[in-house]
Each structure stands twice: as structure tokens, then as C-alpha cells.
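Commentary on secondary and tertiary structure
Here is what each chain is made of, one letter per residue.
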Amino acid sequence: MAVRIGMTSLTRHVVRLARRYSDVSGDLRYVVSSLTSERKRVPHWYMYDTRGSELFEEIARKSSTYNLWQHEYTLLQTHMKDIMSAMSSPATLVELGSGASSKTRPVIEAMIERQGALTYVPVDIAKDYIEEVSRELEREYSALKVEPFGGLFMDGLRHVAGRPEPKLLLFLGNSIGNVPIDEQVDMMKEIRTYLKAQDRFVLGLDLNTDRESVMKVYHTGDRRPWLENIIDRLNRDFDGNIDKMKFEPTTDFVQNPAEGDTPSYVERYLKNTAMQRVHLRKLGLDIDFPAGERLYLSDGPNYSCKFSEHQARRLAEKSNFAVEGLFANQEAKFCLVCLAPK
């Protein structure tokens, strides 16, 4: 018999799900709790299974409107020596949300040139995907040892925190902007607790707050297969019958003052165009999606934040980091921020 679930509080909801679906992994139970909450959503990390990671990498590399990859790659090529100048050698390279590691290559090459050999620890939720990428990297660079960690960011960071050698930690692709706004400082503070004075932390941040150009990025058809993969994954994981053709990708942009501490952000969701009752056979669970209901693609209000330089510096300051360098591209649409633990 299918069970219909109503939302009271998220915490009690997750506990009930844990009891009822004890054979489902904790990560997937969280996905179920998100789908059955009052504000239906899928967590941002859920989009990045192997297929989702491959599709997003293709968008990042080939899109005519999404230029973040090119901006960040160029900045890393140009400024890696500046970033490494304050670090002792040899150092270990750690990357949160590494994906295909395609932008990481200038960092790998600069560090190998400086210290002769390098250990690289990519951390990503798509375990199988980064293991394959790691094998490719080791074939490409004979002086490189790759130790992939498949899991959540903080679990990966705890995994390497006890190593005595200096660490260069990368968090690229404006990934901090995908973290719920009210959790970003707390996350940065937690990252700080795992770093020593000898370590450095490099953030990649999107500075593009122009509404027209931001909306243009998200209104292109090249993202449709990536978004549809989210529904495909839900159907695979839960033996569901969600009709992806009834969902329309939709974007809103919330613009905040550049001189304030709260960044502007993109709100992204799939809008259901016709009533459908979804059956998740693996759970014996029905979920109603009325016409017009939104399936949000983030835990918080923000799908992707767009920062001002002031907001980037305030984020570092609130998190007990010192800004050692801020490197923006010529159009001031993207920047790398090199942070030193205070």
C-alpha cells in the first residue's frame, strides 16, 4: 500500500523516514525527506551522479553563455605562482567538488614543476566518476599520485586534516554559492577548523550580477539534458514513474545591494505543468505534484550566488580567514580568492 506523507517539522520527518525506510541509505532518505517536505526540493549534490557530472562538464566546457569554466581556468593559469609563493613545499593538493578535474590541471602542473611530485586528493559525491578521472590523471602525469575520496565535502576534509604537510585546498566553480546562504559562513568556519597556518584555501567566486546576462545563462537549451537527468535519477533510485516532460525548467534572479553582506542569487526550480501523482515503488510512497508546483533544485533559496568583491571579503572575514590575494578577470565577472587561516 502506498503511503502519503505530510510535513510537520523536517527533523521529525527525517526520523520517521529513517524508521520506515531503514533499508534505504541515509543520503537517499534525505532526498525522500526533501521531496515530501512542504517546499519540495532535491539537494544540490544529488544532481552530480556520474551522468550528471559528465553532462555538467560538457555544459561548462562548451556552452556559449556559461563562461565560468574559461574564466577560472585562465585565472588559475595566470596566478598559481602568486598563490603558491606563500606556501612551503612540498604540499598536498585537496579539491572539494573536483568533478572532472579539468580546471585543476594548471594547478597540478604548477605544483609538480615546483616540487617534483604531487599527491592530489579530489573529493566528490560522484565516487565512480572521480575514480575514473583519477586513473586518467595518473596516466597523464607520471609524477602525480591521486587519492580520490568519494563522499561529502566535510567528510573528505576530515579525511586529510591530520596530514602534517602543507595543504592547498581548492573550492572552485563558485561552489560555495550553491551552499544555502544562511549556512555559508558556518561551512567556511568548519573548513577553517581543519586547516593550519601553513595551509591555503582558494575559492572561485562568480562576480556576475548583471540580471540580463545571468538570466541568459540559464535560459539556454543546453541545460535541459542535465536537468532531466535529475528526474531520471529519482526514477532509478526509487523505482519511480515521475514524468520529466511535465516539468519546465524555470529561473528567477534575486538582486541584493553590492555593498550589503547578502549576495545576489539565482533561484532555480522545475515547474510542474500538469497534475501528476508520483509512485515511488521502492518505498511504497505516493507524492502529489499539483499543476504549477515547484520542485526546487537547492536546499536553500539560492541555487547559485553571485557575489560582489565586498561580499567575498566579508565572507572571509566572518569565517576567520585573511584575504591574501584576490584575482579577478579583466571583465570583473569572476575571481579567485586566496585565503590564509587567521
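Residues numbered from 1 in each chain as written. Predicted model: local features only at pLDDT ≥ 70, side-chain atom pairs only at ≥ 80, totals over all residues. Heavy atoms only, no water.

Some words on the packing of helix 7 (residues 153-161) against helix 8 (residues 184-193)
Heads up, the rule is: For helices, the axis comes from a line fit to the C-alpha atoms of the stretch in contact; other axes are also lines fit to C-alpha atoms, and the angle between any two N-to-C directions lies between 0 and 180 degrees. Helix and strand assignments follow DSSP, with helices taken as H or I runs no shorter than four residues and strands as E runs no shorter than two, numbered in order from the N terminus. If an angle is under 35 degrees, it is roughly parallel; if it is over 145, roughly antiparallel; if it lies from 65 to 115, roughly perpendicular; otherwise it is oblique. Should the near helix be turned anticlockwise from the far one by less than a right angle, the crossing is left-handed, and should it be turned clockwise, the crossing is right-handed. Contacts are assigned to residue pairs that have any heavy atoms within 4.5 Å of one another. Polarity classes work like this: nonpolar for Ala, Val, Leu, Ile, Met, Phe, Trp, Tyr, Cys and Pro, charged for Asp, Glu, Lys and Arg, and polar for all others, with Gly in that last group.
Running from N to C, helix 7 and helix 8 point in directions that differ by 15°, and their axes come no closer than 10 Å. Viewed along their axes, helix 7 and helix 8 adopt a mutual orientation that is roughly parallel. Seen from above, helix 7 lies across helix 8 with right-handed handedness. Facing F153, M154, L157 and R158 of helix 7, the residues of helix 8 in contact are M187, E190 and I191. When its residues are assigned to classes, the contact of helix 7 with helix 8 shows five nonpolar, no polar and two charged.

Topic: helix 7
Condition: Exposure is judged per residue with a 1.4 Å probe applied to protein chains only, and the accessible area is read against the type maximum: over 50% gives exposed, under 20% gives buried, and values in between give partly exposed. The arc in question is traced by the directions running from the helix axis to the C-beta atoms.
Taken residue by residue, helix 7 has M154, G156, L157, V160 and A161 as its buried positions. Buried residues in helix 7, looked at end-on, bunch into an arc of 160°, giving them a common side. On its buried face, helix 7 sits against strand 1 (92-96), strand 2 (118-124), strand 4 (149-150), strand 5 (167-171) and helix 8.

Things to note about the state of the cysteines
Note the threshold: Cysteine sulfur atoms that pair up within 2.5 Å are treated as a disulfide.
Tallied over the entire structure, the rule returns zero disulfides. The thiol sulfur of C305 is not disulfide-bonded, and the nearest other cysteine sulfur, from C335, lies at 13 Å. The thiol of C335 is not disulfide-bonded; the next cysteine sulfur, from C338, is found 12 Å away.

Looking at the side chain of E57
On the secondary structure map, E57 appears in helix 3 (residues 50-62). Apart from the residues lying within four places of it in its own chain, the contact partners of E57 are W69, A100, S102 and Y129.

A look at the nonpolar core
The tendency in soluble globular proteins is for nonpolar side chains to be buried as a group. Short version of the rule: Working definition of a nonpolar core: buried Ala, Val, Leu, Ile, Met, Phe, Trp, Tyr and Cys residues. They are joined through side-chain atoms within 4.5 Å.
The biggest cluster of nonpolar side chains holds 70 residues, and the ones touching the most others in it are L93, I108, L144, L168, W226, L234 and F238. Broken down by element, this core gets its largest block of residues, seven residues, from helix 4 (residues 68-84). Leave out the neighbours within four places in its chain, and F238 touches L28, V31, V32, Y46, L280, R281, K282 and L283. Counting 32 residues, the second largest nonpolar core, distinct from the first, contains F149, M154, F321 and L339.

Here we look at the layout of surface pockets
Condition: A 1.4 Å probe that fits into a set of points on a 1 Å grid over the protein atoms alone but cannot get out defines a cavity; an open set with protein on both sides within 12 Å along at least five of seven lines defines a pocket, and lining residues are those with an atom within 4 Å of a point. Grid points are joined across faces, edges and corners, and a volume is the space filled by probe spheres set on the points.
Here the largest pocket defines a volume of roughly 1200 Å³. Lining the largest pocket are 50 residues, and of these H44, W45, F153, S175 and N178 lie nearest its centre. Counting only elements with at least two residues in the lining of the largest pocket, the list comes to helix 2 (26-35), helix 3, helix 4, strand 1, helix 7, helix 8 and strand 12 (304-306). Counting residues per element, the lining of the largest pocket draws most heavily on helix 3, which supplies four residues. The residue inventory of the lining of the largest pocket, partitioned by class, reads 23 nonpolar, 16 polar and eleven charged. Considered as a void within the structure, the second largest pocket measures approximately 280 Å³ in volume. Contributing to the lining of the second largest pocket are 17 residues, with T65, N67, L68, N208 and V217 lying nearest its centre. Counting only elements with at least two residues in the lining of the second largest pocket, the list comes to helix 4 and helix 9 (211-218). Here the element with the most residues in the lining of the second largest pocket is helix 9; it accounts for five residues. A per-class count over the lining of the second largest pocket returns six nonpolar, six polar and five charged.

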